[in-house]
Amino acid sequence: MELTKVERDDWAERTYEAYAPVYDVFTAHYDYDGWLADLIVVLERYGLRGRRLLDVACGTGKSFLPMLGRAWRVTGCDISASMLDRARAKVGEEVRLLRADMRDLPKLGEFDLVWALDDAINYLLSAEELEQALTGMRENLAAGGLLLFDVNTLLAYRTFFAETEVVEREGHRLVWRGLTAPDAAPGTICESRLEIDPGESRNEDAADCVHRQRHFPEEEVLATIERAGLECLGVYGHGLDGVPKQPLDEAIHTKAVYVARRAGQSVA
Ligand SMILES: C[S@@+](CC[C@H](N)C(=O)[O-])C[C@H]1O[C@@H](n2cnc3c(N)ncnc32)[C@H](O)[C@@H]1O
């Protein structure tokens, strides 16, 4: 694996080093094939072309694996070496994988599509960090390239991050203990503790971890997109069905999805 320097002591990195051994177990029921297919339909509305993808915060590879089947050439990066190890075990040398902090993203190439999926952006804890990440993503866009990312909505923090859920799967018992107030205010930093009992799986590398995320209200995201030298093309919202709809409504959608491109480009 190529290594780029990760300068900052990082909460998200520690969380994912502990979580990596059970990440795929906890997210086993997520339908990435369906979700990504719907996102591609959205991107095609804005002139998606080419087949070069940069998956920022790619984790164990779930957010790029379906794209390999669609003949995309993929580069993936993440702050957690353990998450990347698991991605590498799935794809061998077919995908270029690097350890990188999205707040300090190097230029990795020219990509037709740059995306950061499944609330990776919410691990950024301020608008300044969001601007740093979006600026780095912009620098990796080819001419005409598109950027897409999702963030959790207020509804997600007031429900999933405020409730307890027990998952028993593949010999593991995982307890997701939401620590967030059910009336959390917009822009709040929200936490949930994941307690991992390895049970009969004997996966003792996994450890309890706290997920610390920040809610980003729509107006703040739009202003930050602009400051990062990008132009927002569309904002969507979806619930647990993963089907993007307009307009975004933080009271009924659990995720917001943003599509952008470099500012000042003409339509494809
Ligand atoms: C919920 S996982 C999503 C992973 C993958 N995109 C997916 O859909 O399965 C969030 C990922 O964001 C990564 N991450 C968090 N903060 C990051 C940062 N500053 N730079 C790069 N990756 C980061 C974590 O290590 C983790 O792999």
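Because the structure is predicted, anything quoted here is derived from the model rather than measured.

For the rest of this paragraph, the subject is the overall build of the protein chain. Counting secondary structure elements, the protein chain contains seven helices and twelve strands. Against the globule reference of 18 Å for 268 residues, the protein chain gives a C-alpha radius of gyration of 18 Å, in line with a compact fold. Projected onto its principal axes, the C-alpha positions of the protein chain cover 55 × 45 × 35 Å. Buried residues in the protein chain amount to 55% of all 268 residues.

Here we take up the environment of alanine 71. Mapped onto the secondary structure, alanine 71 falls in the loop between helix H3 (65–68) and strand E3 (73–78). Alanine 71 gets classed as exposed once you look at its relative accessible area, which sits at 54%. Between the C-alpha atom of alanine 71 and that of arginine 52, which follows or precedes it by 19 residues, the distance is 9.4 Å.

Neighbouring the ligand are 22 residues, the closest being Tyr23, Tyr32, Ala57, Asp78 and Met102. In this structure, isoleucine 79 approaches the ligand through a main-chain N or O atom, which is 3.2 Å from a nitrogen atom. Aspartate 101 places a side-chain nitrogen or oxygen 3.0 Å from a nitrogen atom of the ligand. Across the complex, the protein chains shield 98% of the 590 Å² of accessible surface that the ligand would expose by itself. At three residues, helix H1 (residues 11–26) tops the list of elements feeding residues into the shell around the ligand. Residue composition of the shell around the ligand, grouped by class: 13 nonpolar, three polar and six charged.

For the rest of this paragraph, the subject is the pairing of strand E12 (residues 255–262). Among the eight residues that make up E12, seven are buried, leaving the element largely enclosed by the rest of the structure. In this structure, strand E6 (residues 141–152) lies alongside E12, joined through six bridges in antiparallel fashion. Note on E12: the bridge partner recorded for valine 151 is alanine 256. Two elements, strand E11 (residues 230–238) and E12, share eight bridges in a ladder whose sense is antiparallel. Each bridged residue has a counterpart across the sheet, and for leucine 230 the counterpart in E12 is arginine 262.

A few words on the packing of H1 against helix H4 (residues 81–91). Interhelical geometry of H1 versus H4 gives an angle of 30° and a closest axis separation of 7 Å. In terms of orientation, H1 lies roughly parallel with respect to H4. Touching Tyr16, Glu17, Ala20, Pro21, Tyr23 and Asp24 of H1 are Ala81, Ser82, Met83, Arg86 and Lys90, all from H4. In the contact of H1 with H4, the residues fall into six nonpolar, one polar and four charged.

What follows concerns the side chain of threonine 254. Relative to the helices and strands, threonine 254 is located in the loop between E11 and E12. Once you skip the residues sitting within four places of it in the chain, threonine 254 turns out to touch Val151, Asn152, Thr153, Leu155, Ala156, His238, Gly239 and Leu240.

A few words now on the nonpolar core. Most often, soluble globular proteins keep nonpolar side chains buried together rather than apart. Leu43, Phe64, Met67, Leu113 and Trp115 are the most contacted members of the largest nonpolar core, which has 49 residues in total. Among the elements that make up this core, the one with the highest residue count is H1 (nine residues).

Here the protein chain averages 93 in pLDDT, and 93% of its residues register 70 or above. Within the model, pLDDT remains below 50 along residues 3–7, and this stretch shows ten contacts once partners closer than five positions in the same chain are excluded.

Reading guide: rules and limits
- Residues numbered from 1 in each chain as written.
- Predicted model: local features only at pLDDT ≥ 70, side-chain atom pairs only at ≥ 80, totals over all residues.
- Heavy atoms only, no water.
- Helix = DSSP H or I, 4+ residues; strand = E, 2+ residues; numbered from the N terminus.
- Rg over C-alpha atoms; globule rule 2.2 N^0.38 Å.
- Buried < 20%, exposed > 50% of the residue type's maximum accessible area, 1.4 Å probe, protein only.
- Near = heavy atom within 4 Å.
- Polar contact = N/O pair within 3.5 Å; in protein donor to acceptor, adjacent residues only side chain to side chain.
- Areas by Shrake-Rupley, 256 points an atom, 1.4 Å probe, with all protein chains shown as cover.
- Nonpolar A, V, L, I, M, F, W, Y, C, P; charged D, E, K, R; others polar.
- Pairing = 2+ DSSP bridges.
- Axes fitted to C-alpha atoms, helices over the stretch in contact; angles between N-to-C directions.
- Parallel < 35°, antiparallel > 145°, perpendicular 65-115°, else oblique.
- Contact = heavy atoms within 4.5 Å.
- Core = buried A, V, L, I, M, F, W, Y, C linked by side-chain atoms within 4.5 Å.
- pLDDT = per-residue confidence, 0-100.

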